[in-house]
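Descriptive structure summary
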Amino acid sequence: MRPFKKEEGLAAPYDKANVDTDEIIPAEYLKRIERTGFGQFLFFAKRFLPDGSPNPDFVLNQPRYQNASILVAGPNFGCGSSREHAPWALEDYGFRAIIAPSFADIFTNNCAQIGLLNVVLPEDRVNQILRDIAGREGYQIAIDLEQQAVTDPFGRVDRFEMDAFRKHCLLNGLDAIGLTMQHEDAIRDFESRRQSRAPWLPRFR
Amino acid sequence: MPRTIIDKIWDDHVVYSHEGQPDLLFVDLHLIHEITTAQAFEGLRLNGRKVRHPELTLATVDHNVPTTPRNVPVKDPIAKKQIETLEQNTRDFAIHFEGMLSPRQGIVHVIGPEMGASQPGMVIVCGDSHTSTHGAFGALAFGIGTSEVEHVLATQTLQQRRPKTLRIQVDGELPLGTTAKDLVLDIIRTIGVSGAVGHAIEYCGSTFRAMSMEGRMTVCNMSIEAGGRAGLVAPDDTTFAYMEGRQYAPKGQAWEQALDYWRSLATDEDAIFDKTVNINAADVVPFVTWGTNPGQSVEVTGRVPDPDEMPDEASKANAIRSLKYQDLQPGTPITSINVDKVFIGSCTNSRIEDLRLAASVVKGRKVNAHVQALVVPGSGQVKAAAEAEGLDRVFREAGFEWREAGCSMCLGMNPDVLGPGERCASTSNRNFEGRQGPGGRTHLVSPAMAAAAAIEGHFVDIRAWSKA
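Residues numbered from 1 in each chain as written. Chains lettered and ligands numbered in written order. Predicted model: local features only at pLDDT ≥ 70, side-chain atom pairs only at ≥ 80, totals over all residues. Heavy atoms only, no water.

As a further point, take the interface of chain A and chain B. Each partner contributes to the interface: chain A provides 57 residues, whereas chain B provides 79 residues. A buried area of about 5,800 Å², summed over both sides, lies between chain A and chain B, and 56% of it is on carbon and sulfur atoms. Of all residues in chain A, the largest losses of buried area upon contact with chain B belong to A:Lys31, A:Trp200 and A:Phe204, amounting jointly to 16% of the total for that side. For the pair chain A and chain B, the number of links is 11 salt bridges. With its nearest N and O atoms 2.9 Å apart, the salt bridge here joins B:Arg435 to A:Asp22. Taken together, the links from chain A to chain B amount to 30 residue pairs in polar contact (both at pLDDT 80 or more). (Contact = heavy atoms within 4.5 Å. Buried area = accessible area lost by both parts, 1.4 Å probe. Salt bridge = Lys/Arg side-chain N within 4 Å of Asp/Glu carboxyl O. Polar contact = N/O pair within 3.5 Å; in protein donor to acceptor, adjacent residues only side chain to side chain.)

Residue and element names in this part refer to chain B. At a minimum axis separation of 10 Å, helix H2 (residues 38–46) and helix H3 (residues 77–92) run at an interaxial angle of 40°. Judged by the inter-axis angle, H2 sits oblique to H3. The crossing of H2 and H3 is left-handed. Taking contact as the criterion, the partners of Ala 38, Phe 41 and Arg 45 in H2 are, on H3, Thr 85, Leu 86, Asn 89 and Asp 92. Of the residues belonging to the contact of H2 with H3, the class tally is 3 nonpolar, 2 polar and 2 charged. (Axes fitted to C-alpha atoms, helices over the stretch in contact; angles between N-to-C directions. Helix = DSSP H or I, 4+ residues; strand = E, 2+ residues; numbered from the N terminus. Parallel < 35°, antiparallel > 145°, perpendicular 65-115°, else oblique. Left-handed = near helix turned anticlockwise from the far one by under 90°. Nonpolar A, V, L, I, M, F, W, Y, C, P; charged D, E, K, R; others polar.)

Of all residues in chain B, 99% attain a pLDDT of 70 or more, and the chain-wide mean is 97. Confidence estimates for the predicted assembly give a pTM of 0.97 and an ipTM of 0.96. (pLDDT = per-residue confidence, 0-100.)

Taking a probe equal in size to a water molecule and rolling it over the atoms shows the remaining empty space. In this structure, the second largest pocket occupies an estimated 1,000 Å³ of space. Around the second largest pocket, the lining is made up of 30 residues, and of these A:Ala45, A:Lys46, A:Asn55, B:Tyr325 and B:Glu433 lie nearest the centre. In terms of residue class, the lining of the second largest pocket is built from 14 nonpolar, 4 polar and 12 charged. (1 Å grid on protein atoms, 1.4 Å probe; cavity = no way out; pocket = protein on both sides within 12 Å on 5 of 7 lines; lining within 4 Å. Points joined across faces, edges and corners; volume = space filled by probe spheres on them.)

Next up, the structure:
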């Protein structure tokens, strides 16, 4: 996993609640067997017109938000399907972090697996940032994971909560499977207990 | 200390626990399908890792498979490649696979239960958010992403934080003409689409005790639409009667031993939940969603709501956006909304009981001339059972298309999609923008309500209509 330590970059607004993973990437674009290359399909139905040309009204198509690396969005971001293609598309497009008042559970787990930082700030504050972005071209945000701090262009610093273990993994880019494999003995113990405790459990061959 | 069923299952699956870290949980059953696994197998190969327990993994194809006759090759080259990739991966890693030509192929959340693979007290995961369906058996079942699929394949475990617990207490009898689908739509509109985020739900009360396994699966299935990590119903005699004799259910002495354990799972009397919500079954009505999230629903006899009457600015903004997409005017009676397509299927409502209910509504009637209606059974076994009862004839004679099993029009990954601007009465679970096809408009309803809409060409109050 790509480590996340700090990110300073242009912020883009996505001022909407309950953005679902079908909106982030429609199901018809899940048909790749690779992890890469999904950025071209990000927000596809919103981003492109039926004739395939970019929709000039779509926020991320505006020249001022080109090369944004931080997305600021409404509450319950990433609800719906468990498709990890949604974080893959956001990351492949160029986002390194998403700031929102809340995230859906599976989406936020999926983001953590690939080092795409989810920052939770209070809804009032997110709404203020959304207004500030609209009012100031080139609005840059700096995120420091070690300090758990978001700094806006006016120098205001917001602290955010972060699960300590998740933070540790993100900072160091740790591979979850590798970490789990350090507990091989515990897994083996559990497997033998399980066999005697619940011998009826099904096996497929 | 008294514990909930959620805590009991959790505690029995902790492999490793350490202060400040997520628990390492053992997974009893890992269901896999063609859309969310290719990259996980690729990850295993790149790192030289094996599948730790292929015998605890069950694979099928459902999301992108065509529902037209199975003797025709899959036309979409990318879908074909995904299906072949899963087939090759299951062969390479010795995983049980119910392929497109198997009589047991079907939606992963339909075949797990019907094969007897989904059992009480299990931890079940799948790279699909509707994995919560298996909670109907008293299992802790939840959706995961592809990196977690790879983690489970490699280690048979998952790193998870213990969820908070939410009790949804429903008592009383569901009124005639309403179903488990209407109840779960009521629950979602009550607590909201993020009302259960961070929680696992236990559905408690006399309404669930009286409910069939199919109904319980419908409710648990849509737990995720309220943001719930998982949703379950404690196992009881209804559960055991459904399971007994199924292919992978325990037999003989093992069955008795399993029963003792399964009965011990029920939540202890004084167990404390983090949150409780009460719903009165008698208040449930046939619901139709008008918006673009499953919480935006209204009674069929009601009208499309006015955004100006929403309780807060955020819901007002959402409603305006939803109505624009859905091309609906505030104040429009729901029963005056015409539909172009009707879809009876999906992991929410494609089981035999759903098909029986829909068939009872359409029997002897004809699908409206302006409507295309299709029935997509949840599995090959559901299809065979329906055909043995003659339900396929009832649907065909009424003018419905009778299809092969798969996810189909629920998510528009196969050729069954809505065209831009088309409106659909759907028994599926999500009415998100573009979910059933770009520009398509979805209204979620019960199988009975969908069937009646197919006949009339618009929504009808099934309670009054069936008496007419």
